[in-house]
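Residues per chain are reported as follows:
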Amino acid sequence: MAVTDGLLLHLSEPPAAAAAFRTFSRPRVAQARRQAQATKRKYQASSEVPSAKRRSRASSLPAKKTTAEGVQRAPEGRAQTASSPRRSSAGGRGRNQEQKPCVKTSSLFKNNPEIPELHRPVVQKVQEKVFSSGAFHDLDLHPHLISTINTVLNMFNMTSVQMHSIPVLLEGRDALVRSQTGSGKTLAYCIPVVQSLQAMKTKIQRSDGPYALVLVPTRELALQSFDIFQKLLKPFTWIVPGVLMGGEKRKSEKARLRKGINILISTPGRLVDHIKSTKNIHFSRVQWLIVDEADRILDLGFEKDITVILNAVNAECQKRQNVLLSATLTEGVAQLADISLLNPVSISVLEEGYGQANPQGGGALEVSAPQTSDELDSFAIPEGLDQHVTLVPSKLRLVSLAAFILQKCAFAADQKMIVFFPSCELVEFHYTLFVQTLLPRPGAPAAAPLPSGSTQLKFLRLHGGLEQEDRIAVFQEFSHSRTGVLLCTDVAARGLDLPQVTWIVQYNAPSSPAEYVHRVGRTARIGCRGSSLLILAPSEAEYVNSLASHKINVSEIKMEDILSVLTRDDCFPGKQWGKQKPRALSPQGIRERATVLQTVFEDYVHSSEQTVSWAKKALQSFIRAYTTYPRELKHIFHVRLLHLGHVAKSFGLRDAPQNLSVSAVKKKKAAPKRPDLRKKTQSKQRLAEILRSEYASGMEAGMAKVRKQSKQADQAAGRAARPRPEPGLGRGKKQKKKRSP
Ligand SMILES: Nc1ncnc2c1ncn2[C@@H]1O[C@H](COP(=O)(O)OP(=O)(O)OP(=O)(O)O)[C@@H](O)[C@H]1O
């Protein structure tokens, strides 16, 4: 194998390096240590010790200047031996390796781009008060419903959004509800639906079919809403809730539909499936149409499904109450609501200074008030959320992520973390890599005691490529667990209420501020505290300004502070190391340990041809995802700005794959483009088409025309075909294809 970016690792202080290896205490780490010591011996024996200048240059953290990638080549034969997958494989470790003279490992700290000073603009945060002074028993609700809320849900006081929304919805008004993540919007619509249905003069029969239709973007969210309805309906057993979400056999869903579901919760894709194929689905009695995470209806795949659903519902019933909810109702959705809902009430819970004061509860209630675009583009972030950003050169991303996970979830108690990745492949790659390298593996010989925290380190993963049972099992396991690291795609970004999550890590920048808000909103819910970390490359630093323009403030954590956890020997109070004096946090010490950790990853990745090609595929997936940022972010996130050799390191690859270039990735697979909500909503004509097709049947020709035009425009502009989205956002296999308009 050609060596393009290899370096003979020189460890100037072997005992410290040994301590670093012990820090990880993994057999693979021990192997890396032996290799590194062998390298040291070799240097001493052969007088190949790097010059003092070279050593001191290598120890500066990080490298100061951006230069063309300098390559330090190992002598051909030696490097080949050292990087041989067989040597690195589990079976090949041991005495044999100690005899090998050197290890080829990453020049992690060389030739990295300079990390710029982060000048964060100070912006006035948009704040909302979570709780109101009102109690549920103040509302005009059925006494059994109030007692269920009090005793089953153990809730007494309303949140601000509940206090503003429930009375309005009980009056029968259409509404557009916006309030921050984790502020109780689910109950804000569930309670009025249950109250109104139980109060119907003619008692609801199961066979009547749906009276309420609740559309949510993901299966997990469907289950979550279903669970709340089930609890609220305990005293009203004649009202039957049901969930359709794909993954389940269509036949059994059909059977449940035939028996009757009065409150039907579904993902749009699955409902469309049934509308097209099930005779037993009728909407003639629908009185409520709720769209949770409503800003997603402007997302192309959903828009198409929702058009089909609304046409089907409109064909059978004209009069009903419509409610749109989200933490991030953008200008587009507001316009949509303005035109499509009947005298809608716009409910937005803002601190004073961000709206008209509301004498009832300290928030602001806007009734049919057109909101300014500034307000609509500025999202409230929970007060208890500490947001951070770190700038990490591409080569150091993987070790930085691993160090951060170790710091928070192995060395600290009771931490629960969610890490977002841009694709299923990337989730799978990091999940397997971390499980294989950072956790004890049954049967593997324990060369050294395990770090004290490794036993509490638990990885889970959630993405649309998993089987439905696995998705549910993971969702439930992580929900009920006090600790753990959930690696996931944006399938978990919206709506999920996973208790006690303490950290949100975004390994890639989201494509819009709205998605950022939803991702970080998985923590600091309902008045709790939480933290988030966004990992950016130095070239992506400007994204921080983009967030600031939406009133989102982040503070910086230095990469060195994240990596420094790797030197925390005192975090391992085991007998063997407890008395050892912790080594000072020198930049050199940090560099050594980061390099050791990177070597562990590289050894795993290079342990067989399969693992190498698996890592290459993950790298391809990363590049594909990188091509999908919307146009307004392309100046920050453009594949041309990526250094493939450096990015390859973050996949444990020692070299940039020969046949991998951005154009090759693009040619191989048309890049999935992320929906550009702003662009779409700027087109009034398009919006009008969406509305007409949604609310009047028979307009689909118009839609087709608009689509055709936009397709032609795309072709004229030489744009790639539309994306294959991250699968599983509420759609079955059939829908995956449909996302490409
Ligand atoms: N009145 C209340 N008192 C105490 N807890 C509440 C109350 N209302 C809701 N909660 C709890 O708050 C949490 C968040 O609620 P919910 O999931 O409805 O938030 P949300 O606003 O829909 O969030 P997102 O925008 O992320 O979807 C849930 O655990 C819920 O049980």
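A brief structural summary. Note that the structure is predicted; figures quoted are calculated from it, not measured.

Moving on to the site of the ligand. Contacts to the ligand come from 21 residues, most closely from Asn-157, Gln-162, Lys-185, Thr-186 and Asp-497. At a separation of 3.0 Å, an oxygen atom of the ligand approaches a polar backbone atom of Ser-183. In the complex, 87% of the free accessible area of the ligand, which totals 640 Å², lies under the protein chains. Those elements that provide at least two residues to the shell around the ligand are strand S4 (157-159) and helix H9 (185-198). When the residues that make up the shell around the ligand are grouped by side-chain class, the tally is six nonpolar, ten polar and five charged. The residue makeup of the shell around the ligand includes at least three contributed by each of domain 2 (133-377) and domain 3 (385-666).

Attention now goes to the nonpolar core. Counting 85 residues, the largest nonpolar core has Val-419, Phe-434, Leu-457, Phe-459 and Leu-563 as its most contacted members. For this core, the element with the highest residue contribution is helix H16 (residues 397-410), accounting for ten residues. Once you skip the residues sitting within four places of it in the chain, Leu-563 turns out to touch Phe-109, Leu-396, Val-399, Ser-400, Ala-403, Ile-590 and Ala-594. With 64 residues, the next largest nonpolar core counts Met-163, Tyr-211, Ile-239 and Val-323 among its residues.

With that settled, the discussion passes to the sheet that holds strand S5 (residues 175-178). Strand order across the open sheet formed by seven strands is S7-S8-S6-S9-S10-S5-S11, with parallel pairing between neighbours. The outermost strands of the open sheet, each flanked by one partner alone, are strand S7 (241-244) and strand S11 (345-348). Averaged over neighbouring strand pairs, the angle between their axes works out to 15° when direction is ignored. Pairing between strand S9 (residues 288-292) and strand S10 (residues 321-326): five bridges, direction parallel. The residue of S10 that forms the bridge with Asp-292 is Leu-325. Lying on the sheet, H9 is in contact with S5, strand S6 (212-215), strand S8 (263-266), S9 and S10; it crosses S9 at an angle near 170°.

Before going further, it helps to spend a moment on the packing of helix H17 (residues 424-438) against helix H23 (residues 587-605). At a minimum axis distance of 10 Å, the contact between H17 and H23 shows a crossing angle of 110°. On the basis of their axis angle, the class for H17 and H23 is roughly perpendicular. H17 and H23 meet at a crossing whose hand is right-handed. On H23, the residues that touch Phe-429, Thr-432, Leu-433, Phe-434, Gln-436, Thr-437 and Leu-438 of H17 are Leu-597, Val-600, Phe-601, Tyr-604 and Val-605. The residue makeup of the contact of H17 with H23, split by class, is nine nonpolar, three polar and no charged.

Conventions and cut-offs
Residues take numbers from 1 onward in each chain, read along the sequence in its written order. Residue-level local features of this predicted model are given only where pLDDT is at least 70; pairs of side-chain atoms are given and counted only at 80 or more, and the full residue set underlies all totals for whole chains, interfaces and linings. Each side-chain value is worked out from all heavy atoms of the structure, with water and hydrogens disregarded. When at least one non-hydrogen atom of a residue lies within 4 Å of a molecule or strand, that residue is treated as near it. Any pair of N or O atoms that falls within 3.5 Å is considered a polar contact. Within protein, one atom must be able to donate a hydrogen and the other to accept it, and sequence-neighbouring residues count only if both atoms are side-chain atoms. All accessible-area figures derive from a Shrake-Rupley calculation using a 1.4 Å probe, and residue coverage is judged against the displayed protein chains alone. The helix and strand labels rest on DSSP assignments: H or I over at least four residues marks a helix, E over at least two residues marks a strand, and numbering proceeds from the N terminus. Put simply, Ala, Val, Leu, Ile, Met, Phe, Trp, Tyr, Cys and Pro go in the nonpolar bin, Asp, Glu, Lys and Arg in the charged bin, and everything else, Gly too, in the polar bin. The domain boundaries here were taken from an automatic or database domain assignment. Nonpolar core, defined: a set of buried Ala, Val, Leu, Ile, Met, Phe, Trp, Tyr and Cys residues in which side-chain atoms within 4.5 Å join the residues together. Think of it in three bands: residues with accessible area under 20% of the maximum for their type are buried, residues over 50% are exposed, and the middle band is partly exposed, with areas taken using a 1.4 Å probe on protein chains only. Any two residues having at least one pair of non-hydrogen atoms within 4.5 Å are treated as being in contact. When DSSP finds two or more bridges between a pair of strands, those strands are recorded as paired. For every element, the axis is a line fit to its C-alpha atoms; helices are fit only across the contacting stretch, and the angle between N-to-C directions ranges from 0 to 180 degrees. For classification purposes, angles smaller than 35 degrees are called roughly parallel, those larger than 145 roughly antiparallel, those between 65 and 115 roughly perpendicular, and all remaining angles oblique. By the definition used in this description, the sense in which the near helix is turned from the far one sets the handedness, with an anticlockwise turn below a right angle giving left-handed and a clockwise turn giving right-handed.

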